[in-house]
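Here are the chains, one letter per residue:
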Amino acid sequence: MLKRIRFKNSVVLLIGISIIFIGIGMGFYEYFLERKEKAFSDMNIMLFEHEIPEIIESEKDLNDKKQDDENNTPDIPDKTEEKPPEKPQSPTYNYIGILEIPKINLKRGFLDLNSRYNNVDYNITLIAGSTFPNEENNNLILAAHSGNCTVCFFDQLYKLQLNDMAYVYYKNIKYAYKIVNVYEVPKVGKVAIHRDYNKNTLTLITCTRNSNTKQTVYILELTNKENY
């Protein structure tokens, strides 16, 4: 009888200790979960806190801003009539090639690497490390903004799928390319390009739609070329 009582007491004690440890474990789990969520939040804040903001005003934004400025400007008597400053002329681009993607109605030139306007804030940009279509096993790499702005030339790339076509006009030859791979990479300032180095390829890079942390890479392979 005494042994049975001791056994019951041991079982009760074991159950009690187990409950205590379970409670402590759940407490630690909630604590670490909370810390993990906070760390993730802090990480995102740090990531974007040090990112240079990309401020691009569309033509509509500029017109709205101009209208607001005119409406909010107080009347000041004019003492002297000043000649308004001349509007700066748009730069003339000497394109070395043209990218055309019929599915998204895109046809836009690209510049030499050394051009001051070979920049995503002006044009589709030729990326350093590119080789040109007339070279053996080349890889022409082009990048542009996506989004809603006047220089977001790759805004519609998300509509492209495998086997869709793109064309590059370079030195009087039209090069036809077919999409063979599409993948995303983290936006960390560099992009890994996965391609067949025994083929002539075209690589297109832009920010992933509805994401601030990823970029989308489109790999296209040459299928045909002809004079134009």
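Refer to the structure presented above.
Just so it is clear, the structure is predicted and the values come from calculations on it, not from any experiment. (Residues numbered from 1 in each chain as written. Predicted model: local features only at pLDDT ≥ 70, side-chain atom pairs only at ≥ 80, totals over all residues. Heavy atoms only, no water.)

**Q** I would appreciate a short explanation of the overall build of the protein chain in the present structure.
**A** Counting secondary structure elements, the protein chain contains 2 helices and 8 strands. Starting at the N terminus, the α and β elements of the protein chain follow one another as α-α-β-β-β-β-β-β-β-β. Among the 228 residues that make up the protein chain, the fraction classed as buried is 28%. Partitioning the intrachain contacts of the protein chain with sequence separation of at least 6 by distance along the chain shows that 58% fall at a separation of at least 24. Carbon and sulfur atoms provide 53% of the accessible area of the protein chain, an area that totals close to 16,900 Å². (Helix = DSSP H or I, 4+ residues; strand = E, 2+ residues; numbered from the N terminus. Buried < 20%, exposed > 50% of the residue type's maximum accessible area, 1.4 Å probe, protein only. Contact = heavy atoms within 4.5 Å. Areas by Shrake-Rupley, 256 points an atom, 1.4 Å probe, with all protein chains shown as cover.)

**Q** Where do I start with the packing of aromatic side chains in this structure?
**A** The relation between two aromatic rings is expressed through the spacing of the ring centres and the mutual angle of the planes. Taken as a whole and assessed by the stated rule, the structure comprises 5 aromatic pairs. Relative to Y95, the ring of Y93 has its centre 5.7 Å away and its plane inclined at 45°; by these criteria the two rings are tilted. Judged by its relative accessible area of 22%, Y93 is partly exposed. Given the relative accessible area of 32%, Y95 is considered partly exposed. Consider the rings of Y117 and Y122, whose centres lie 4.9 Å apart with planes at 80°: the pair is edge-to-face. The exposure class of Y117 is buried, given its relative accessible area of 18%. Among the aromatic side chains, those forming a connected cluster through ring pairs are Y93, Y95, Y117 and Y122. Directly above the aromatic system of Y169 lies the positively charged group of K107, at a separation of 5.2 Å from the ring centroid. The cationic tip of R209 hangs over the ring face of Y158; the distance from NZ or CZ to the ring centre is 4.0 Å. (Phe/Tyr/Trp six-rings, centres within 6.5 Å; stacked < 30°, edge-to-face > 60°. Lys NZ or Arg CZ within 6 Å of the ring centre and 35° of its normal.)

**Q** What should I look at first to understand the state of the cysteines in this one?
**A** The term disulfide refers to a covalent linkage connecting the sulfur atoms of a pair of cysteines. Using the criterion set out here, one finds 1 disulfide in the structure. Cysteine C207 remains unbridged, with the sulfur of C152 as its closest cysteine sulfur at 8.8 Å. Among the residues examined, C207 registers a relative accessible area of 22% and is labelled partly exposed. (Disulfide = S-S within 2.5 Å.)

**Q** I tried to follow the nonpolar core on my own but got confused; where do I start?
**A** Side chains of a nonpolar character, in soluble globular proteins, are inclined to be buried together. Ranked by internal contacts, the top residues of the largest apolar core, which has 28 residues, are L99, I101, L142, F154, V168, L202 and L204. At the level of elements, β1 (97–101), β2 (106–110), β4 (139–143), β5 (165–170), β6 (173–186), β7 (201–207) and β8 (214–227) are the ones that each hand at least two residues to this core. Setting aside residues no more than four positions away along its own chain, L142 makes contact with L99, F110, I124, T125, L126, F154, L202, T203, L204 and I205. The next biggest cluster of nonpolar side chains, apart from the first, holds 7 residues, and it includes I141, Y183, V185 and I219. (Core = buried A, V, L, I, M, F, W, Y, C linked by side-chain atoms within 4.5 Å.)

**Q** Explain the pairing of β6 to me, please; I cannot follow it from the model alone.
**A** Strand residues, when the strand is regular, have side chains that alternate between the two faces of the sheet. Across 6 bridges, the pairing between β5 and β6 is antiparallel. Residue pairing for β6: Y167 is matched across the bridge by A176. Between the antiparallel neighbours β5 and β6 lie 2 residues, among them K171 with a positive phi of about 50°. Alignment of β6 against β8, held across 13 bridges, turns out to be antiparallel. The residue of β8 that forms the bridge with A176 is N224. (Pairing = 2+ DSSP bridges.)

**Q** Just to check I follow, could you spell out the pairing of β5 for this structure?
**A** Within β5, 5 of the 6 residues are buried, which leaves the element mostly enclosed by the surrounding structure. Bridge count for β1 against β5 is 4 bridges, and the pairing is antiparallel. Looking at the pairing, G97 lines up with Y170 of β5.

**Q** What's the story with the pattern of salt bridges in this structure? I'm lost.
**A** Side-chain pairs of opposite charge can arise whenever the charged atoms involved come near each other. Throughout the structure, instances matching the rule amount to 3 salt bridges. Between E184 and K214 there is a salt bridge, with the nearest N and O atoms lying 3.7 Å from each other. Linking E184 in strand β6 with K214 in strand β8, this pair joins segments that are 30 residues apart in sequence. Of the charged contacts, one joins E221 and K199 as a salt bridge, the two residues approaching to 3.3 Å between their closest N and O atoms. Of the two residues, E221 is situated in strand β8 and K199 in the loop between β6 and β7; the sequence distance between them amounts to 22 residues. On the accessibility criterion, E221 (17% relative accessible area) is buried. (Salt bridge = Lys/Arg side-chain N within 4 Å of Asp/Glu carboxyl O.)

That is the geometry; function is a separate question.
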